[in-house]
Amino acid sequence: MTWSGWEDLGGVITDGPTVASWGANRLDCFAKGQDNHMWHRWWDGGAWRGWEDLGGIIDDPPAAVSWGPNRIDCFARGMDNALWHKWWDGSAWRGWESLGGVITSGPGAASWAANRLDVFAKGQDNHMWHKWWNGSQWSGWEDLGGVIDGTPAAVSWGPDRIDCFARGMDNSMWHKWWWLVPTVTVHFKVLTTPTVPINTMVDSMRDVYASAGINVRVGSTETLNLPALNDVDVGACLMGQTTAEQNTLFANRNNVGMNDVAVYFVRSTVPPFNGCAAHPAGRPSAVVAQGATRWTLGHEVGHVLGLAHVNNNDRLMTGNGTANITNPPPDLVATEVATMVASPLTVDV
Amino acid sequence: MPITLDEVRRMLDVDEPDYPRIATSVGPEVHAHLAALVEGSDPMLASKAAYLAGLVSGPNAVQVLEKAASHVEPRVRIAAAAAISRLAVPAAESLVLRLLADKDVGVRKLAVATAAAKPSAGLRSRLEAMKTGDPEHHLRRAAGEALLKFGP
C-alpha cells in the first residue's frame, strides 16, 4: 500500500473541488470555474474525461453525492443565495433546479439510501439548515441549530445514518449526527394532575426505556374536563376487556396518531389501581391514577407494548408494585426489549 | 397463622391488585388490618384497603367501610362506595345514603351505581331527588337510569 504522487488534472478552478463516486473505479469531480460555472471532470475506469462545463452561476464550492450506480446529485449556492441542484440520471444531466432558501455557505450533501438525499447549508442565522429528498418530494428547510461558520460537510456510512461536521464560531470542529431510534410516542390527557409530577414520571420512564435503546416522545398534553370519567370504572383491568367508561374515555384522542399511546391521568380507577393498561383494539391507551408512583407510567405503557408482570422487584414490570422497586432505575430484560421493539407502537423516528 | 398487617400491605401495595384472588386468600381477620390501612397516611393504599373490605365477608366489613366512607380523601370514599355494592348486610343502606349526599361528584357517581344494585325505598327516594336535583347532569341521568333498575 502506498500513496501515489500528485497528478495534475488541469483546469482553472476557483473553488472546490468536491468528489463523488457511484461505483468501483469511478470518480466524478466538480469545481467552480473562473466563469462561475460548475465544471466536471471524471475518471471512467480507464481514463480521465472532461473538463465538462455544467453551467450554472454558482458561489462557493459545490457538493456532490451519489445514491447508487450511474447517479450523481450536485448542489451549489447560486448567486441569488438559493440552493441549486443538478443531477445525472444515468443518461443525461438534468437541472439546474432551484431548491430555494437563503443560504450563506456552500452546501454539504449525503445520501443514506437509494433515492434519498440530504443537503445541509448555513443559513442567515448561522444555524445549519437541512433539506431532503425522500424519494418523491423535497422537504422544507429544517433548522438544525448550531452557530456555524463556513460550509458544512455531510456523509452517511449506511442506512438511516448521517454525520455532519462544521466549523464553529469558536473555530472548533463540531459534529451533529442523525439516526433512527425506536420511539414510543405518548400523548397525555390530564383529568387530574397526579401527585408525582408528570415530568418526573416521564423522566423516570425515559431512564428505563433509554436503557433498552427506546426513546420516549411526548406528542402532546391536553387537559380534559370530564368529571364523569375522572374516577373511571376499569372493571377487572384485563387486556382486551374494557368497560363502557374506558371506551368513552379512550375516544378522546386529539393529536393521537394510530401508532401512538394515549395516557389518561385520572383521579382514581374503580377498583383502585395505580394504573390500568387495558384498552380496546386500535386505541392503545392506559390510565394512570393520581396516587401512582414515578414508575407507573412506564409500567403501564410497558403493558400496552405487550409486556406482562414479572416477580422481580428489580424490574419495571414487577407485579409486586412499582412502589417497591429496588435498585432503581428498574430493568428491562432482553426478551422484554425485543417485545417492545417489535410492537407496532414502537416506531423508528 | 393469622395474616399480618405487613402481608396485607404487601398484597395491596402493587400497581394492579388482584382483588378477587386476595379476597379468597385472606380471612375475616383481615378487616382489622384493612381498618388500619384505611386510617393510614397513604390515600392510594387506603382506597385499596377499603375496596378489599367489601370483598371479604365478615362482621367487621361494615366498620371498615364506615371509616372509609368518612375519610377526608374522596378517593377513599369512592372506593368505599364501590365496595359497598359487594356487601350483603342491611347496614350498607345507611352508608349508601350518606355517600349519595357526598359533596364530591365522584363519590356520588359510585354511590349511585351501588344504589342501583341495592334497591330499597330509602334509596329510591334519594335517587328520585338526585334525578332532578343533583347539580351534575351526568349524575341526574345516572340516577334516572338507576331508578329504572328498581322497577315500578
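Here the structure is shown first, and the text comes after it.
Let us look at the structure shown here. (Residues numbered from 1 in each chain as written. Chains lettered and ligands numbered in written order. Predicted model: local features only at pLDDT ≥ 70, side-chain atom pairs only at ≥ 80, totals over all residues. Heavy atoms only, no water.)

**A look at the packing of helix α3 (residues 30–38) of chain B against helix α4 (residues 43–55) of chain B**
Residue and element names in this part refer to chain B.
For step 1, the next point in the chain: One way to put it is that α3 packs onto α4 with a least axis distance of 8 Å and a crossing angle of 150°. With respect to α4, the element α3 is oriented roughly antiparallel. α4 is crossed by α3, and the crossing has left-handed handedness. Here α3 contributes H31, L34, L37 and V38 to the contact with α4, which in turn contributes L45, A46, A49, A50, L52 and A53.
For step 2, the next point in the chain: Tallied by class, residues from the contact of α3 with α4 come to nine nonpolar, one polar and no charged. (Axes fitted to C-alpha atoms, helices over the stretch in contact; angles between N-to-C directions. Helix = DSSP H or I, 4+ residues; strand = E, 2+ residues; numbered from the N terminus. Parallel < 35°, antiparallel > 145°, perpendicular 65-115°, else oblique. Left-handed = near helix turned anticlockwise from the far one by under 90°. Contact = heavy atoms within 4.5 Å. Nonpolar A, V, L, I, M, F, W, Y, C, P; charged D, E, K, R; others polar.)

**Thoughts on the sheet that holds strand β3 (residues 38–43) of chain A**
Residues and elements named next belong to chain A.
For step 1, the next point in the chain: Strand order across the open sheet formed by four strands is β1-β2-β3-β4, with antiparallel pairing between neighbours. Strand pairing shows two members of the sheet lacking a second neighbour, β1 (13–20) and β4 (48–53), which therefore form its edges. Adjacent strand axes in the sheet meet at a mean angle of 20° when their direction is disregarded.
For step 2, the next point in the chain: Note that β3 and β4 share five bridges and pair antiparallel. Within β4, the position partnered with W42 by the bridge is R49. (Pairing = 2+ DSSP bridges.)

**Focus on helix α5 (residues 61–69) of chain B**
For step 1, the next point in the chain: Within the span of α5(B), buried status applies to A61(B), V62(B), V64(B), L65(B), A68(B) and A69(B). Mapping the buried residues of α5(B) onto a view down its axis gives an arc of 155°, with all of them on the same face. (Buried < 20%, exposed > 50% of the residue type's maximum accessible area, 1.4 Å probe, protein only. Arc of directions from axis to C-beta.)

**Some remarks on the layout of surface pockets**
For step 1, the next point in the chain: Of the pockets and cavities examined, the largest pocket occupies roughly 1,100 Å³.
For step 2, the next point in the chain: Together, 47 residues line the largest pocket, and D233(A), G235(A), T243(A), V270(A) and P271(A) are the ones closest to its centre.
For step 3, the next point in the chain: Of all elements in the fold, only β18 (231–233) and α2 (244–250) of chain A together with α2 (19–25), α4, α6 (74–84), α8 (105–116) and α10 (137–150) of chain B reach the threshold of two or more residues within the lining of the largest pocket.
For step 4, the next point in the chain: Counting residues per element, the lining of the largest pocket draws most heavily on α10(B), at seven residues.
For step 5, the next point in the chain: Classifying every residue of the lining of the largest pocket gives 28 nonpolar, nine polar and 10 charged.
For step 6, the next point in the chain: Forming the boundary of the second largest pocket are 17 residues, of which W6(A), E7(A), L9(A), C29(A) and W48(A) lie nearest the centre.
For step 7, the next point in the chain: Those elements giving two or more residues to the lining of the second largest pocket turn out to be β1, β2 (27–33) and β4 of chain A.
For step 8, the next point in the chain: A total of four residues in the lining of the second largest pocket trace back to one element, the largest contributor, which is β1(A).
For step 9, the next point in the chain: Its residues placed into classes, the lining of the second largest pocket shows 10 nonpolar, four polar and three charged. (1 Å grid on protein atoms, 1.4 Å probe; cavity = no way out; pocket = protein on both sides within 12 Å on 5 of 7 lines; lining within 4 Å. Points joined across faces, edges and corners; volume = space filled by probe spheres on them.)

**Here we look at the packing of aromatic side chains**
All names here are of chain A.
For step 1, the next point in the chain: For the coordinates displayed, the defined rule picks out 11 aromatic pairs over all chains.
For step 2, the next point in the chain: A connected cluster of aromatic rings, assembled from ring pairs, spans F30, W88 and W93.
For step 3, the next point in the chain: Stacked on the ring of W295, the Lys or Arg R294 has its end atom at 4.8 Å from the ring centre. (Phe/Tyr/Trp six-rings, centres within 6.5 Å; stacked < 30°, edge-to-face > 60°. Lys NZ or Arg CZ within 6 Å of the ring centre and 35° of its normal.)

**Overview of the pattern of salt bridges**
For step 1, the next point in the chain: What the rule picks out here adds up to 22 salt bridges over all chains.
For step 2, the next point in the chain: One salt bridge connects D89(A) with R94(A), and the closest N-O pair in it is separated by 2.7 Å.
For step 3, the next point in the chain: Residue R94(A) is classed as partly exposed on the basis of its relative accessible area, which comes to 38%.
For step 4, the next point in the chain: Between E145(B) and R141(B) there is a salt bridge, with its nearest N and O atoms 4.0 Å apart. Of this pair, E145(B) and R141(B) both sit in helix α10, four residues apart, roughly one helical turn.
For step 5, the next point in the chain: By relative accessible area, E145(B) is classed as partly exposed at 46%.
For step 6, the next point in the chain: Via salt bridges that share partners, K32(A), D59(A), D60(A) and R77(A) belong to a single interconnected network. (Salt bridge = Lys/Arg side-chain N within 4 Å of Asp/Glu carboxyl O.)

**Focus on the side chain of H31(B)**
Residue and element names in this part refer to chain B.
For step 1, the next point in the chain: With respect to the helices, strands and loops of the structure, H31 is situated in helix α3.
For step 2, the next point in the chain: Exposure remark for H31: the relative accessible area of 1% places this residue in the buried category.
For step 3, the next point in the chain: Residues within four places of H31 in sequence aside, it is in contact with A53, V56, S57, G58, N60, A61 and V64.

**As for the interface of chain B and chain A**
For step 1, the next point in the chain: With 22 residues of chain B at the interface, the matching set in chain A holds 29 residues.
For step 2, the next point in the chain: The contact between chain B and chain A buries some 1,900 Å² in all, and 55% of this surface belongs to carbon and sulfur atoms.
For step 3, the next point in the chain: If you sort the residues of chain B by the area they bury against chain A, D15(B), E16(B) and R75(B) come out on top, with a joint share of 37%.
For step 4, the next point in the chain: Where chain B touches chain A, the interface holds two salt bridges. (Buried area = accessible area lost by both parts, 1.4 Å probe.)

**A word on unusual backbone geometry**
All names here are of chain A.
For step 1, the next point in the chain: The peptide bond linking G50 to W51 adopts the cis configuration, its omega dihedral lying at 15°.
For step 2, the next point in the chain: Note that W51 resides in strand β4.
For step 3, the next point in the chain: In this model, G95 is joined to W96 through a cis peptide bond whose omega is 15°.
For step 4, the next point in the chain: Non-glycine residue N126 carries a positive phi angle of around 65°.
For step 5, the next point in the chain: The residue N126 is located in the loop between β10 (117–122) and β11 (128–133) in this model.
For step 6, the next point in the chain: Under the relative-accessibility criterion, N126 is labelled partly exposed at 24%.

**Focus: the packing of α8(B) against α10(B)**
All names here are of chain B.
For step 1, the next point in the chain: Where α8 meets α10, the axes come as close as 9 Å, and the angle between the chain directions of the two elements is 10°. Between α8 and α10, the interaxial angle falls into the category roughly parallel. Residues V105, R108, K109, V112, A115 and A116 of α8 touch α10, and the partners they reach there are H138, L139, A142, A143, A146, K149 and F150.
For step 2, the next point in the chain: Of the residues in the contact of α8 with α10, the class split is nine nonpolar, one polar and three charged.

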